[in-house]
Each structure stands twice: as structure tokens, then as C-alpha cells.
Amino acid sequence: MDAETQKNHLKAYGITYWTLGKQLKVKWLLNYRGGSFLLPDTGDIQRECQIRGVSFEVISNSKAESILEDISSPSKNMEAVVLEKVPKIAVYTPYGKQPWDDAVTMVLQYAEIPYETIYDEEVLNDGLLLFDWLHLHHEDFTGQFGKFYGAYRAANWYIKEKEEAEELAAKLGYSKVSEAKLDVALKIRNYVIGGGFMFAMCSATDSFDIALSAEGIDICEPMFDGDGSTPGYQSKIDYTKTFAFTNYTLETNPKVYEFSSIDMTRKRRISKTTDYFSLMEFSAKWDPIPTMLCQNHTALVKGFMGQTTSFTREDIKSNVLIMGENKLNEEAKYIHGIKGKGFFTFYGGHDPEDYQHRVGDAKTELDLHPTSPGYRLILNNVLFPAARKKKQKT
């Protein structure tokens, strides 16, 4: 999985998932040649690699033992993690959305990793209990319809999506979309606390936390829900209810395309040519989880924008781990934390290979980006639940 020899990093994850589906175990060699996978040598696996265009090397048992011995050395920042379970994957996404509307569904399809789509009705009916891993499509959990009102309130797609959201909320027994989304967010919170793994990108990251912190408070203006907001609602926000963020200031202007001070989009002073974020290095033996989530063939990853591009460092809770950052701009791009028995990862931005994705832009063709480091971070999270659980050392 290093940069020099792997021709399709993304489909390699699909091969690993496929192998686990054959009831075979895989060793993930953390920090060894870009986070390589050690798979059993079978004719079926070799053929599947050839069909999918994934580079591989056949090694002897003695060579494999030598590699594992080298990795186990206390002087090497490496570790071999056993993958043994096929994670059951759910993508929380509105009905009718195309796979290319979301980076995760796009890369799952490209890597040939199966997933199921669910939405509000399934979540509220405890459908999450069937899954090991949940991705949140770039959703707005606050009931403000993505804060698209200022620029797109007259657009047919905006009017249609708002009507559909209101119809679904009414069908589920709610008078407001914000009330339905809050209950969905609470179900997702409980799923994570109970041991689930949640991954979110773009606006699903900050809007999820904002919804939790505004429980019992109306932060929506009349154009969103038909009545006024709670007076002085900023002072009533409860940051203890959130996963990752604290002490943020909400954006109260409904015409401003922003939720709060969490997002760095409007505060950035970086040109496209210099927009990169660096991945942090962790101890593979002592901190295997963040090490797993940061496996890549480069430590420097191209930046990309979204409604929520990246996170203001001062608004991140002290117990949340920053795994990718742009120090010059004092922003975090990729963060991870523990909630109850479960885990969450927030990844800023919309599409790792579409720098400034706009409404109506053409879809990204991943055939043109088979070695994308930005997309590898998503797939690291997909495989994480497959790892054999070990007692955490830190």
C-alpha cells in the first residue's frame, strides 16, 4: 500500500473486505509500506486482485514471519492488527440521492464494498442496531435545510427538498422537521454510546452536534419552521450534550450559508495550490486506533472544501483527538473521539478530489483517482470495525 507499488489503493480495501467475507482473517500492517494488508495466498484472492487492478506481492511463509517479527520489535513504530469481521455498513442518506452526491457512497461503490441506505424512518425504528458502521450523508440535523435559504430559496430543487422533508416529518408524527431531526440525532447518539461507529463528513459533523446541544430550544427562524426562534437561544446551548465541539457561536442570520463558528470556510486564508493538511503520527503499539485511521501512503493530503470545510481548533473539546490539521491556518480537518462504548470520526469537506464542489457540478470519476490519499482516510474508517477488539492501553 505504499505510493511506489500500489496502483489502486482504493480497490485494495475492497479486496480486503471481500476476503473477510470469505471467513478469512487479514492482518493490517500498520505503518508498514503505507499500511499494507497481509492476506492468505489463495488462487481466488489473486484472481480477484487481478480483476480489480489491485497490485499485490506473493511472499513465502518465512518472509511473512520475518516481516511480522520486524513489526513486533519495540524499536519499530509498527503493529499488526488482525481483521476478522465483515462490518455491516449503513449510509444515512435521503431517499433518491445518487451515490455521487456523497463521497462515502461513491468510494464504497468504487471499492466494491456493500452497504445499505437508511433514513429517518429506519433510524427512529431502531434500524441502526443491525449495523456496525454508520455514515452520515452531508445532512443538516438542525432543521434549517442546509442554510441554503439565502442563495437557493427560489430554486426548484430547494423547494422540492424542503417539501419532501416536511412531508416525511409529518408522516413520522412531527410538526417540524427540526423536531424529527433532533430525535434522529438522539437515536444516532444512543447507537454510538451503545458501541456503534459513526463517521460523518461536511455539514453532518457540526449540524449533528448543534442539534444535540439545542435540544429543547428552537433555533430555527420562521422561514424554516413557520414560527419564531427561542429568544436568546445562544445562551441556552448545552455544550455538554455534544460529541466533539464546545463553546461555539451559532450563526443566527438565516441568509448566511453557515451554521456556527465551528466551520473554518469563511475564515480561511489559503489558496488552492497551498491547501494541504498533515496527518498526525501516533504510536502504533500503544494507540492502534488513531494509527489505523491515519494509514496512508503520504502524510500530506490535499485539502478540499465543503459547507463545513474544517474545524476551528478552539471549538474542539479537549478529549477529542485531532488526526489531521493545517497548522498554519489553525484548523483541524480530521478528528476522532470516543462516546460511551462507541467511536466517531468527523472529516471536514465534501469530496477529497473535488476541491470546491458546487451545486450541480459533475460527479467525480474515481477511476481517475485510484490512489487518492483523501479517499483512503474514509476507507480506513470503513475497515476499523473489522479489527479484533483489544483493551486500550491509553
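For the structure, check the block above.
The structure contained in this document is the topic of the report that follows. Please read all numbers here as calculations on a predicted model, not as lab measurements.

**What to know about the sheet that holds strand 2 (residues 36-38)**
- Across the sheet, which stays open at both edges, the 3 strands sit in the order 2-1-3 with antiparallel pairing between neighbours. Each of the sheet's edge strands pairs with one partner strand only, and the pair in question is strand 2 and strand 3 (79-83). Across this sheet, the average inter-strand angle for adjacent strands is 30°, counted without regard to direction.
- With 5 bridges connecting them, strand 1 (residues 26-30) and strand 3 associate as antiparallel partners. Looking across to strand 3, one finds that W28 is bridged to V81.

**Focus: helix 8 (residues 177-193)**
- Given a rise of 1.5 Å per residue, 17 residues ought to cover 24 Å, and the 24 Å separating the end C-alpha atoms of helix 8 matches this to within 8%.
- Among the residues of helix 8, V177, S178, A180, K181, L182, V184, A185, L186, I188, Y191 and V192 are the ones counted as buried.

**A look at the pattern of salt bridges**
- Tallied over the entire structure, the rule returns 25 salt bridges.
- A salt bridge links K327 to E325, with the shortest nitrogen-to-oxygen separation between them at 4.0 Å.
- Classification of K327 as exposed rests on a relative accessible area of 63%.
- Through salt bridges with shared partners, a single ionic network connects K11, E48, R52 and E112.

**Some points on unusual backbone geometry**
- Unlike most non-glycine residues, F145 shows phi in positive territory, near 50°.
- Mapped onto the elements of the fold, F145 is located in the loop between strand 6 (133-136) and helix 6 (149-152).
- In this structure, N247 takes a positive phi of about 55° despite not being glycine.
- Looking at where N247 falls in the secondary structure, it is placed in the loop between helix 10 (222-225) and strand 8 (276-279).

**Things to note about the packing of aromatic side chains**
- All told, the structure shown has 28 aromatic pairs when counted by the stated rule.
- Aromatic pair F277 and Y347: ring centres 6.4 Å apart, planes at 70°, arrangement edge-to-face. One end of the pair, F277, is in strand 8; the other, Y347, is in strand 13 (residues 342-347), and 70 residues separate them in sequence.
- Assessed through its relative accessible area of 3%, F277 is described here as buried.
- Each ring, one from F343 and one from F384, has its centre 5.3 Å from the other, and the planes form 85°; the classification is edge-to-face. Highlighted residues: F343 in strand 13 and F384 in the segment after helix 12 (373-383), separated in sequence by 41 residues.

Cut-off values and rules
- Residues numbered from 1 in each chain as written.
- Predicted model: local features only at pLDDT ≥ 70, side-chain atom pairs only at ≥ 80, totals over all residues.
- Heavy atoms only, no water.
- Pairing = 2+ DSSP bridges.
- Helix = DSSP H or I, 4+ residues; strand = E, 2+ residues; numbered from the N terminus.
- Axes fitted to C-alpha atoms, helices over the stretch in contact; angles between N-to-C directions.
- Expected span 1.5 Å × (residues − 1).
- Buried < 20%, exposed > 50% of the residue type's maximum accessible area, 1.4 Å probe, protein only.
- Salt bridge = Lys/Arg side-chain N within 4 Å of Asp/Glu carboxyl O.
- Phe/Tyr/Trp six-rings, centres within 6.5 Å; stacked < 30°, edge-to-face > 60°.

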